[in-house]
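# Summary of structural features
One letter stands for each residue in the lines below.
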Amino acid sequence: MNSPNAPLNASLNSVDDLIAAGLVAPDQAGDLARVEENFRIRITSEMAGVQSPAVAAQFVPDARELVTRPEELTDPIGDSAHSPTYGLTHRYPDRVILAATHACEVYCRFCFRREVVGEAAALPEPALTAALDYIAKTPAIWEVILTGGDPMSLSPRRIASIMARLSAIPHVQIIRLHTRVPVVAPQRIDDAMIAALRARPTVYVGVHTNHVDELTPAACAALARIADAGFPMVSQTVLLRGVNDDAATLEALFRALLTLRVQPYYLHHCDLAQGTSHFRTTIAAGQAIMAQLRGRMSGMGVPTYVLDIPGGFGKVPIGPDYLERSAQGYMVTDWQGARHIYRDPD
Ligand code: SF4
């Protein structure tokens, strides 16, 4: 993906930047300008410096984003249907999502929040206060997931402030940050950022990464800094056609993550965001990949394949199914596809 003209220490933020960096051809400018009118563009120097079509496809805009299919939605996972205060989503009783910012270090071309990311950056103070008040007044909330946008695109000072305010709420036991930053902007994981993560409740870092080529030496060092500081990490990966939709590619990613002390957690079926149909596989294809992974690697490295049900009905595992009821009890399918009967004891 890189070019001799790509800047080393700056993000690329426009079609003009991409053309100047040699990442798109000048004759694409017209179509991509129309994409840019609808969806933000940003690629960090770290990702612009990776020579990988699988990385480029995730960040370089594409004229196919101008195609919106009838089933695609502006709010594909229905955040707004469960929003008690601006910036807060309360879908399940015991946890909330707090969108601390709408800014990201990169703008992924398949993002399920692509309609809102890039809008005014940090959550305004009145909205943050209202969200924290809601959390404080709702004792059932055990976990707060900081997302966005990307919460680690905020300054360490701002993150530390939010963490301190959440820490002051006794029933909040887990804070989870979902972020692309350790991978796409690893230089941000410095001592100040690590210090900002320290809070009273247990803090998890959920790392979004989709291809082993994203795991540059700097990204690996950033993940090591987080692990060395004692924060457990899980990963989230989006299944993307042409990027990672085969078992060997995902296996390489999940093995690398395990060695980096990141537990593969979720493989997301690509949500119905507008202009993303070129990235979406079928669920059957995803299930076939999952079945292959189950045989190829340790269960510790195999995430759960999930679908966010469009409309805001939550996340569900979507298989493949290994167990079905039969007249004799259960029919169980092993990793090689052979079927076996299992009976519960009388
Ligand atoms: S970093 Fe996350 S929130 Fe931001 S554009 Fe990418 S997928 Fe969307």
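A brief structural summary.

Parameters at a glance
- Residues numbered from 1 in each chain as written.
- Predicted model: local features only at pLDDT ≥ 70, side-chain atom pairs only at ≥ 80, totals over all residues.
- Heavy atoms only, no water.
- Helix = DSSP H or I, 4+ residues; strand = E, 2+ residues; numbered from the N terminus.
- Buried < 20%, exposed > 50% of the residue type's maximum accessible area, 1.4 Å probe, protein only.
- Areas by Shrake-Rupley, 256 points an atom, 1.4 Å probe, with all protein chains shown as cover.
- Near = heavy atom within 4 Å.
- Nonpolar A, V, L, I, M, F, W, Y, C, P; charged D, E, K, R; others polar.
- Pairing = 2+ DSSP bridges.
- Axes fitted to C-alpha atoms, helices over the stretch in contact; angles between N-to-C directions.
- Salt bridge = Lys/Arg side-chain N within 4 Å of Asp/Glu carboxyl O.

Within the protein chain one finds 11 helices and 12 strands. Dimensions of the protein chain, computed from C-alpha atoms along their principal axes, come out at roughly 65 × 50 × 40 Å. In the protein chain, which comprises 346 residues, the proportion classed as buried is 52%. Of the roughly 15,100 Å² of accessible surface on the protein chain, 55% is carried by carbon and sulfur atoms.

What follows covers the site of the ligand. Looking at the ligand, the residues that line it are Cys104, Val106, Tyr107, Cys108, Cys111, Val117, Gly149, Arg180 and His208. Each residue belonging to the shell around the ligand can be placed in one class, and the counts come to six nonpolar, two polar and one charged.

Moving on: the sheet that holds strand S12 (residues 339-342). Note: strands within a sheet are paired through backbone hydrogen bonds, in either parallel or antiparallel orientation. Ordered by their spatial adjacency, three strands build an open sheet running S10-S11-S12, and the pairing between neighbours is antiparallel. Taken across any chain shown, the strands that pair with only one partner, and hence form the sheet edges, are strand S10 (323-326) and S12. Each strand axis lies, on average, 30° off the axis of its neighbour in the sheet, ignoring direction. Sheet topology note: the S10/strand S11 (residues 329-333) ladder contains four bridges and is antiparallel. Bridging from a neighbouring strand, Glu324 pairs with Met331 of S11.

For the bond running from Gly319 to Pro320, omega is 10°, close enough to zero to count as cis. Along the chain, the position of Pro320 falls in the loop between strand S9 (315-317) and S10.

Attention now goes to the pattern of salt bridges. Taken as a whole, this structure holds 16 salt bridges when the rule is applied. With a shortest N-O distance of 2.4 Å, Asp94 and Arg95 are connected by a salt bridge. Relative accessible area serves as the criterion here: at 26%, Asp94 is assigned to the partly exposed category. Owing to a relative accessible area of 26%, Arg95 belongs among the partly exposed residues under this scheme. Between Glu125 and Arg165 there is a salt bridge whose closest N-O contact spans 3.0 Å. Taken together, the residues Glu125 in helix H5 (residues 125-136) and Arg165 in helix H6 (residues 156-167) connect sequence positions 40 residues apart.

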